[in-house]
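Structure at a glance
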Amino acid sequence: GIQVEQSPPDLILQEGANSTLRCNFSDSVNNLQWFHQNPWGQLINLFYIPSGTKQNGRLSATTVATERYSLLYISSSQTTDSGVYFCAPETSGSRLTFGEGTQLTVNP
Amino acid sequence: DAGITQSPRHKVTETGTPVTLRCHQTENHRYMYWYRQDPGHGLRLIHYSYGVKDTDKGEVSDGYSVSRSKTEDFLLTLESATSSQTSVYFCAIKEGYGSPLHFGNGTRLTVT
């Protein structure tokens, strides 16, 4: 099956800093989604992004499907951004495979 | 919030007993999924369903079975629970092809 690698595995920031999270995948995909798992364990869908760039407030995501990677940008980070960020490429049959995530800690 | 309810939220059971987890949705979405989350493994797909009575295996399906007799309910059964099945189980739903995935709040299962 498809292999998904996320980097970095851990990231510690000061409030107000910017960051870029990366997701590499091994096969062609139909689309890709990004999720945030908050410290209480809830998983929230951030982006559904098969290709191109999307923005939602301080967050934006870019997927370059032909080169098999996606990036998640967080600008002016806040403590509420802490948690784990997952990417999940979707392959045929609507199967989504998750990476192991990036653990983000934003300190005040 | 997507209308997804998982029950129970917490369960402790003994090795060898059967366990059924329930996922109920009010969105009338076609696709439903069961994932497990363990430290160091992210989220791994157990089984998923693409319609009533239509299911398929995921990457970690051994020891699990599922049923979907109604659009709104997707049941996950551990026929004989083992300690390796101690995990947090998440249900997720998706409206159709090319739509975002939404998660329930999870069920924490402990097998002693």
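Everything in this summary refers to the structure shown in the same document.

What counts, and where the lines are drawn
Residues numbered from 1 in each chain as written. Chains lettered and ligands numbered in written order. Predicted model: local features only at pLDDT ≥ 70, side-chain atom pairs only at ≥ 80, totals over all residues. Heavy atoms only, no water. Helix = DSSP H or I, 4+ residues; strand = E, 2+ residues; numbered from the N terminus. Rg over C-alpha atoms; globule rule 2.2 N^0.38 Å. Buried < 20%, exposed > 50% of the residue type's maximum accessible area, 1.4 Å probe, protein only. Contact = heavy atoms within 4.5 Å. Buried area = accessible area lost by both parts, 1.4 Å probe. Salt bridge = Lys/Arg side-chain N within 4 Å of Asp/Glu carboxyl O. Polar contact = N/O pair within 3.5 Å; in protein donor to acceptor, adjacent residues only side chain to side chain. Pairing = 2+ DSSP bridges. Axes fitted to C-alpha atoms, helices over the stretch in contact; angles between N-to-C directions.

The helix and strand inventory of chain A stands at 0 helices and 11 strands. Seen in sequence order, chain A has helices and strands lined up from the N terminus as β-β-β-β-β-β-β-β-β-β-β. A globule of 108 residues ought to have a C-alpha radius of gyration of about 13 Å, and chain A, at 13 Å, matches this closely. When each of the 108 residues of chain A is scored for burial, the buried share is 51%. Long-range pairs, those at least 24 residues apart, make up 55% of the contacts in chain A between residues at least 6 apart in sequence.

Moving on, we come to the overall build of chain B. A count of helical and extended segments in chain B gives 0 helices and 11 strands. Secondary structure of chain B in N-to-C order comes out as β-β-β-β-β-β-β-β-β-β-β. The C-alpha radius of gyration of chain B comes to 13 Å, within 12% of the 13 Å expected for a compact globule of 112 residues. For chain B, the C-alpha atoms occupy an extent of roughly 40 × 25 × 25 Å along the three principal directions. The buried share among the 112 residues of chain B stands at 50%. Within chain B, contacts between residues separated by at least 24 positions form 54% of all contacts whose residues are at least 6 apart in sequence.

Bringing the interface of chain A and chain B into the picture now. Each side of the interface is counted separately: chain A has 19 residues, and chain B has 23 residues. Summed over both sides, the interface of chain A with chain B buries roughly 1,700 Å², with 53% coming from carbon and sulfur. Between chain A and chain B we count 1 salt bridge in total. For the salt bridge of Glu90 of chain A with Lys94 of chain B, the shortest nitrogen-to-oxygen distance reads 3.0 Å. At the junction of chain A and chain B, the tally comes to 11 residue pairs in polar contact (both at pLDDT 80 or more). Elements represented by at least two residues in the side of chain A that touches chain B include exactly β4 (31–37), β5 (43–48), β9 (83–91) and β10 (95–96) of chain A. The element contributing the most residues to the side of chain A that touches chain B is β4 of chain A, with 4 residues.

Residues and elements named next belong to chain A. Taken together, the 5 strands give an open sheet; going across it, the order is β1-β3-β8-β7-β6, and neighbouring strands pair in antiparallel fashion. A strand with exactly one partner marks an edge of an open sheet, and here the two such strands are β1 (4–7) and β6 (52–56). If you compare each strand with its neighbour and ignore which way they point, the axes differ by 15 degrees on average.

Our focus in this paragraph is the side chain of Thr91 of chain A. Tracing the backbone through its elements, the reader meets Thr91 of chain A in strand β9. When near neighbours in sequence (up to four residues on either side) are disregarded, Thr91 of chain A contacts Ile2, Ser28, Val29 and Asn30 of chain A.

As a further point, take the side chain of His47 of chain B. Residues and elements named next belong to chain B. Tracing the chain through its elements places His47 in strand β5 (residues 42–51). Overall, the relative accessible area of 6% leaves His47 in the buried class. Here Asp56 takes part through its backbone oxygen, which lies 3.4 Å from a polar atom of the side chain of His47. Not counting residues up to four positions away in its chain, the partners in contact with His47 are Tyr33, Trp34, Asp56, Lys57, Gly58, Ser61, Tyr64, Ser65, Val66 and Phe74.

The next subject is the environment of Gln55 of chain A. Residue and element names in this part refer to chain A. Mapped onto the fold, Gln55 is located in strand β6. Overall, Gln55 belongs to the exposed group, its relative accessible area being 63%. Gln55 sits 25 residues away from Thr80 along the chain, and the two C-alpha atoms are 18 Å apart. Within the structure, Gln55 has its side chain in polar contact with the backbone oxygen of Gly57 (distance 3.2 Å).

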